[in-house]
Amino acid sequence: MRKILLFAAIGTIFSCSVQKDKAVSEANVETYGNSITVTELKDHLYTFASDEFQGRDTGEPGQKKAAEYLKKEYKKMDVPSPLGGDDYYQIIPSSYFNDRYNDSENVVAFIEGSEFPEEIVVISAHYDHIGVNDEGNIYNGADDDGSGTVAMLEIAEAFQEAAKDGYRPRRSILFLHVTGEEKGLLGSKYYTENPIFPLENTVTDLNTDMIGRIDPAHEGKDDYIYLIGSDKLSTDLHNLSEEMNNKYVNLDLDYTYNDDNDPNRFYYRSDHYNFAKHNIPVIFYFNGTHADYHKATDTPDKIEYELMTKRTKLIFYTAWEVANRDERLVVDKAN
């Protein structure tokens, strides 16, 4: 009953602010993709990765400020919370962290689907970082993972602009900003253990963790993104991802770190993995590590904003297709 009431409440919110649903197949998706801009990504990131947020350490005041920033942005966009009302936080108690860290929170926002609202497309990124060191140096985490966090805001805005024009996604979209990634993927672990929507109804997790820089392997050939996990559980998802890239963006999709024998084991090192463990298809979008990785020098002035915009558009187009195709993604390689 609670879930029925929740969807009804969210539907009421949408009826006040969104036109009557149109056939989403009639939408010009590039109109909404082009709402993702260098200027807005840069404006967000220069704020989000500023000293004001004190490195966004889990449970600390800077992380709380970052959570409030995300909440305010979703409210500004009129994107509601799946929890109802003004509550955009999935609270994680200190006890879950074995009292090593203060209470923290995942930040959640939601666009209800028009035809398959019970099927959930998760778009995720971690918004925490590693705080301030003993010498007082602030680890701003512009790339890790300020880049993924603000990319999500732009993707949400693109979906919401489409919804306001009557082109609401056929499946629901959950925007999941997780805390505690730097402590061991704890925010996403908490979500998958305490899901807002049943995991069996979760279609995919598109996870964005570091998309603003160029790694040494791609200097001089920078029009790329690493994709990890796209083919691990669903051939459908992998093929769809390739198709969207070829149709709209034309990045070099690098699968180096998707190799099962990759010694870096990146597939297991970001929040998508807590979904993949439950046989939910995933893609991890990643630019690779660089000289400023986990250093106080990971600052917003070093971000490649044009490239980051292109990468963000790829994630949006992929999410759009997953949310709007006739059939749910098929899991044909379950663990």
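As shown above, the structure is provided for reference.
Residues numbered from 1 in each chain as written. Predicted model: local features only at pLDDT ≥ 70, side-chain atom pairs only at ≥ 80, totals over all residues. Heavy atoms only, no water.

1. Observations concerning the environment of P80
Moving on, step 1. Looking at where P80 falls in the secondary structure, it is placed in the loop between α4 (61–76) and β1 (89–92).
Moving on, step 2. Put simply, P80 and I111 are 31 residues apart on the chain and 7.1 Å apart in space, counted from C-alpha to C-alpha. (Helix = DSSP H or I, 4+ residues; strand = E, 2+ residues; numbered from the N terminus.)

2. Description of the packing of helix α5 (residues 142–164) against helix α9 (residues 305–324)
Moving on, step 1. Where α5 contacts α9, the two axes come as close as 10 Å, and the packing angle between them is 50°. One way to sum up the angle between α5 and α9 is to call them oblique. Considering how the two elements wind past one another, α5 and α9 form a crossing that is right-handed. Here S147, V150, A151, I155, A158, F159 and A162 of α5 come into contact with α9, specifically with M308, T312, I315, F316, A319 and W320.
Moving on, step 2. Classifying every residue of the contact of α5 with α9 gives eleven nonpolar, two polar and no charged. (Axes fitted to C-alpha atoms, helices over the stretch in contact; angles between N-to-C directions. Parallel < 35°, antiparallel > 145°, perpendicular 65-115°, else oblique. Left-handed = near helix turned anticlockwise from the far one by under 90°. Contact = heavy atoms within 4.5 Å. Nonpolar A, V, L, I, M, F, W, Y, C, P; charged D, E, K, R; others polar.)

3. What about helix α7 (residues 235–249)?
Moving on, step 1. Along its 15 residues, α7 runs 21 Å from first to last C-alpha, staying within 8% of the 21 Å computed at 1.5 Å per residue.
Moving on, step 2. Taken residue by residue, α7 has L237, H238, L240, S241, M244, N245 and V249 as its buried positions. End-on, the buried residues of α7 take up no more than an arc of 165°, which puts them together on one face.
Moving on, step 3. The elements touched by buried residues of α7 are β5 (202–208), β6 (224–228), β7 (252–254), β8 (282–286) and α9.
Moving on, step 4. The backbone nitrogen of D236 lies 3.3 Å from a side-chain oxygen of the residue at the head of α7, namely S234.
Moving on, step 5. Following α7 by one or two positions, N250 has its phi on the positive side, about 60°. (Expected span 1.5 Å × (residues − 1). Buried < 20%, exposed > 50% of the residue type's maximum accessible area, 1.4 Å probe, protein only. Arc of directions from axis to C-beta. Polar contact = N/O pair within 3.5 Å; in protein donor to acceptor, adjacent residues only side chain to side chain.)

4. Some thoughts on the packing of helix α3 (residues 38–48) against α5
Moving on, step 1. Where α3 meets α5, the axes come as close as 9 Å, and the angle between the chain directions of the two elements is 135°. By the angle between their directions, the pair α3 and α5 is classed as oblique. Crossing angle aside, the handedness with which α3 passes α5 is right-handed. Within the contact between the two elements, α3 uses E40, L41, H44, L45 and F48 and α5 uses A142, G146, S147, T149, V150, A151, L153, E154 and E157.
Moving on, step 2. For the contact of α3 with α5, the residue count by class is seven nonpolar, four polar and three charged.

5. Observations concerning the pairing of strand β4 (residues 171–178)
Moving on, step 1. Most of β4 is tucked away, with eight of its eight residues classed as buried.
Moving on, step 2. Pairing analysis gives five bridges linking strand β2 (residues 104–111) to β4, with the strands arranged antiparallel. Directly across from F110, in β4, lies its bridge partner L174.
Moving on, step 3. Taken together, strand β3 (residues 116–126), α5 and β4 constitute a β-α-β crossover, and its handedness is right-handed. (Pairing = 2+ DSSP bridges. Right-handed = clockwise from strand over helix to strand, strands pointing away.)

6. What to know about the packing of aromatic side chains
Moving on, step 1. A full pass over the atoms with the stated rule returns 27 aromatic pairs.
Moving on, step 2. Look at F53 and Y69: their rings are 6.1 Å apart centre to centre, the planes differ by 65°, and that puts the pair in the edge-to-face class. Residue F53 is found in the loop between α3 and α4, and its partner Y69 is found in helix α4; the two are separated by 16 residues along the sequence. We note that F53, like Y69, is buried.
Moving on, step 3. Arranged with centres 4.9 Å apart and planes meeting at 70°, the rings of Y268 and Y273 form a pair that is edge-to-face.
Moving on, step 4. When its relative accessible area of 23% is taken as the criterion, Y273 is described as partly exposed.
Moving on, step 5. Of note, K71 hangs over the ring of Y89, and the distance from its end group to the ring centre comes to 5.5 Å.
Moving on, step 6. The ring of Y267 is capped by K232, whose NZ or CZ atom sits 5.4 Å from the centre of that ring. (Phe/Tyr/Trp six-rings, centres within 6.5 Å; stacked < 30°, edge-to-face > 60°. Lys NZ or Arg CZ within 6 Å of the ring centre and 35° of its normal.)

7. With respect to the nonpolar core
Moving on, step 1. Ranked by size, the top nonpolar core spans 91 residues in total, and within it Y74, F159, F175, Y285, F316 and W320 carry the most contacts.
Moving on, step 2. If you tally residues by element for this core, the top one is α9, at eleven residues.
Moving on, step 3. Not counting chain neighbours up to four residues away, the residues in contact with Y74 comprise V79, Y88, A109, M152, L153, A156, F175 and H177.
Moving on, step 4. Membership of the second largest hydrophobic core comes to five residues, among which are I92, F97, Y101 and L186. (Core = buried A, V, L, I, M, F, W, Y, C linked by side-chain atoms within 4.5 Å.)

8. Overview of the side chain of S234
Moving on, step 1. Inspection of the secondary structure assignment puts S234 in the loop between β6 and α7.
Moving on, step 2. A polar atom in the side chain of S234 sits 3.1 Å from the backbone nitrogen of L237.

9. A look at the pattern of salt bridges
Working definition: two side chains of opposite charge can pair if their charged atoms are close together.
Moving on, step 1. Counting across every chain of the model gives 16 salt bridges.
Moving on, step 2. Between D86 and K71 there is a salt bridge whose closest N-O contact spans 2.9 Å. Of the two residues, D86 sits in the loop between α4 and β1 while K71 sits in helix α4, which places them 15 residues apart along the sequence.
Moving on, step 3. Look at K71 and you get buried, because its relative accessible area is 11%.
Moving on, step 4. Residue E115 is joined to R170 by a salt bridge in which the shortest nitrogen-to-oxygen separation is 3.0 Å. Within this pair, whereas E115 is found in the loop between β2 and β3, its partner R170 is found in the loop between α5 and β4, the two being separated by 55 residues in sequence. (Salt bridge = Lys/Arg side-chain N within 4 Å of Asp/Glu carboxyl O.)

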